[in-house]
Amino acid sequence: MTRVVGCELCELSSVATPSTVVDNDKFIVILVDDANYPGFARVIWKDHVREVSDLADADRLLLNDAVWKLELAVREVMQPLKVNVASLGNVVPHLHWHVIPRYADDAHFPAPVWAQAQRTTDEAVLVARRALVPQLAEAIKRRFIKR
């Protein structure tokens, strides 16, 4: 497996952390600790590659399936208005996908979560969404156990 010294995603994907929900020989799925975006998750490919097109066909299909399963779990538990799925990698050029539940009242909606905030989400709403994160972790695990 190719690892790059100093790559934060190579380091993160090589060791289990409390945020790790799924860990296999090809990728991990983590829940991102973002107080403003409960349910934000990532699929991180373990091998250090930059682009989906760097993967063999079977690996590409496996990765796409992982992103799909993660999106289904996020929709099931978090009940967002929309799910954003993004693979940017401009800052960290290591293949990973962001899966982010979005709501009309979130701080950045309808812009990307990386844009300038447009509002502050009510804290009670965020607390209720944060309370769903353990349930989301279980739903993700179930999706990856199913065949």
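Quantities reported herein were computed from a predicted structural model and do not represent experimental measurements.

Turning to the environment of Ile28, a few remarks are in order. Tracing the chain through its elements places Ile28 in strand E2 (residues 27–31). Owing to a relative accessible area of 1%, Ile28 belongs among the buried residues under this scheme. The spatial distance from the C-alpha of Ile28 to the C-alpha of Ala66 is 9.4 Å, given a sequence separation of 38 residues. Ignoring sequence-local partners within four residues, the contact set of Ile28 consists of Leu12, Ser13, Thr20, Val22, Asp23, Arg42, Val43, Ile44 and Lys46.

If you trace the backbone, Arg129 turns up in helix H3 (residues 123–130). Not counting residues within four places of it along the chain, the set of residues in contact with Arg129 comprises Pro38, Met78, Tyr103, Asp105 and Thr121.

In terms of burial, strand E3 (residues 41–45) is a largely internal element, four of the five residues being buried. When E2 meets E3, the two strands line up antiparallel, connected through five bridges. Pairing of Leu31 across the sheet is with Ala41, part of E3. Bridge count for E3 against strand E5 (residues 96–102) is four bridges, and the pairing is antiparallel. Within E5, the residue paired with Ile44 across the bridge is His96.

Further remarks concern the UniProt feature "domain: HIT" (unreviewed entry) in the chain. Summarizing the sequence annotation, UniProt attributes the feature "domain: HIT" (unreviewed entry) to residues 8–109 in the numbering used throughout. The annotated region residues 8–109 carries 27% helix and 25% strand content, and the separation between its end C-alpha atoms amounts to 28 Å.

Right, let's get into the packing of aromatic side chains. The final tally for this structure, using the stated rule, is two aromatic pairs. Between Phe27 and Trp45, the aromatic rings sit 6.4 Å apart at their centres with planes inclined by 25°, giving stacked as the arrangement. With Phe27 in strand E2 and Trp45 in strand E3, this residue pair connects regions lying 18 residues apart in the sequence. Neither residue differs from the other here; Phe27 and Trp45 are each classed as buried. Through pairs of rings, three or more aromatic residues link up here, namely Phe27, Trp45 and Phe144. Across from the ring centre of Tyr103, 3.5 Å away, lies the NZ or CZ of Arg129, which sits over that ring.

Cut-off values and rules
Residues numbered from 1 in each chain as written. Predicted model: local features only at pLDDT ≥ 70, side-chain atom pairs only at ≥ 80, totals over all residues. Heavy atoms only, no water. Helix = DSSP H or I, 4+ residues; strand = E, 2+ residues; numbered from the N terminus. Buried < 20%, exposed > 50% of the residue type's maximum accessible area, 1.4 Å probe, protein only. Contact = heavy atoms within 4.5 Å. Pairing = 2+ DSSP bridges. UniProt positions renumbered as here; feature names shortened; annotations may be inferred. Phe/Tyr/Trp six-rings, centres within 6.5 Å; stacked < 30°, edge-to-face > 60°. Lys NZ or Arg CZ within 6 Å of the ring centre and 35° of its normal.

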